[in-house]
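Descriptive structure summary
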Amino acid sequence: MTGRGEVARILGEGPAEARRSLAADAAAPPEALYYLMGDADAGVRAAVAANPATPAQSFAVLATDAEATVRGALATRLAAIAPGLAAPQTDRLAHMAWTALARLAADAVEEIAATIAEAVKDIPAAPRDLVLGLAHDPRATVAGPVLR
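The following paragraphs examine the structure supplied in this document. Please read all numbers here as calculations on a predicted model, not as lab measurements.

Attention now moves to the packing of helix H2 (residues 16-24) against helix H4 (residues 42-50). Put simply, H2 and H4 touch, their axes get as near as 7 Å, and they point 10° apart. By the angle between their axes, H2 is roughly parallel relative to H4. Contact residues: Ala 16, Arg 19, Arg 20, Ala 23 and Ala 24 in H2; Gly 43, Val 44, Ala 47 and Val 48 in H4. Here the contact of H2 with H4 is composed, by residue class, of six nonpolar, one polar and two charged.

In structure tokens, the structure reads:
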């Protein structure tokens, strides 16, 4: 991990490559990751979305990012942790993750929604509305996994 002074320098004046590297660092301070999720560079935001250290409180913002690469990175990350999530009504952080998963399941980019469908197809704790939304999706790659 980079020291606090170096983190501040990267956030203040660092080139995109340095900001991407910091955004991907699992030891980066949560404050830096929050700051970087608003970066102008989509590659930086995608690295934040993929970083396992990025706090759950950022999921809602990242799930609505204008760039599909950022939403796709978040979908992949959330798909990996979905099987271990508690039911949304029992845990506040799980609720944030399930809410972001539902937003990504309705994404216009088929690949993103299909990633979520594959991730939740066998999860009993998946919210009913999320599964029903996927099942009613007109795209076969999205509806198919949950209908099987």
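Among the structural elements, Asp 137 can be located in the loop between helix H9 (128-135) and helix H10 (140-147). By relative accessible area, Asp 137 is classed as buried at 13%. For Asp 137, the residues in contact, after removing those within four places along its chain, are Ala 105, Val 142 and Ala 143.

With that settled, consider the environment of Phe 59. Inspection of the secondary structure assignment puts Phe 59 in helix H5 (residues 59-63). Since its relative accessible area comes to 3%, Phe 59 is described here as buried. The spacing of Phe 59 and Met 96 is 37 residues in sequence and 6.8 Å in space, taken between C-alpha atoms. Contacts of Phe 59, omitting those with residues within four sequence positions, involve Thr 54, Leu 74, Arg 77, Leu 78, Met 96, Ala 97 and Ala 100.

Applying the stated criterion across every chain yields a total of seven salt bridges. Arg 71 serves as the salt-bridge partner of Asp 107, at 2.5 Å between the closest nitrogen and oxygen. Note that Asp 107 is positioned in the loop between helix H7 (92-105) and helix H8 (110-120) and Arg 71 in helix H6 (residues 68-81), a separation of 36 residues in sequence. Given the relative accessible area of 8%, Asp 107 is considered buried.

In this section: H10. For an α-helix, the turn length of 3.6 residues means that residues three or four places apart are oriented alike. Taken together, the buried positions of H10 are Val 142, Ala 143, Gly 144, Pro 145 and Val 146. Taken together, the buried residues of H10 touch H8 and H9.

Its location among the elements puts Arg 19 in helix H2. If near-sequence neighbours (up to four positions away) are discounted, Arg 19 is found in contact with Ile 10, Gly 14, Leu 36, Asp 39, Asp 41 and Val 44.

What counts, and at which threshold
Residues numbered from 1 in each chain as written. Predicted model: local features only at pLDDT ≥ 70, side-chain atom pairs only at ≥ 80, totals over all residues. Heavy atoms only, no water. Axes fitted to C-alpha atoms, helices over the stretch in contact; angles between N-to-C directions. Helix = DSSP H or I, 4+ residues; strand = E, 2+ residues; numbered from the N terminus. Parallel < 35°, antiparallel > 145°, perpendicular 65-115°, else oblique. Contact = heavy atoms within 4.5 Å. Nonpolar A, V, L, I, M, F, W, Y, C, P; charged D, E, K, R; others polar. Buried < 20%, exposed > 50% of the residue type's maximum accessible area, 1.4 Å probe, protein only. Salt bridge = Lys/Arg side-chain N within 4 Å of Asp/Glu carboxyl O.

Structural measurements only, silent on function.
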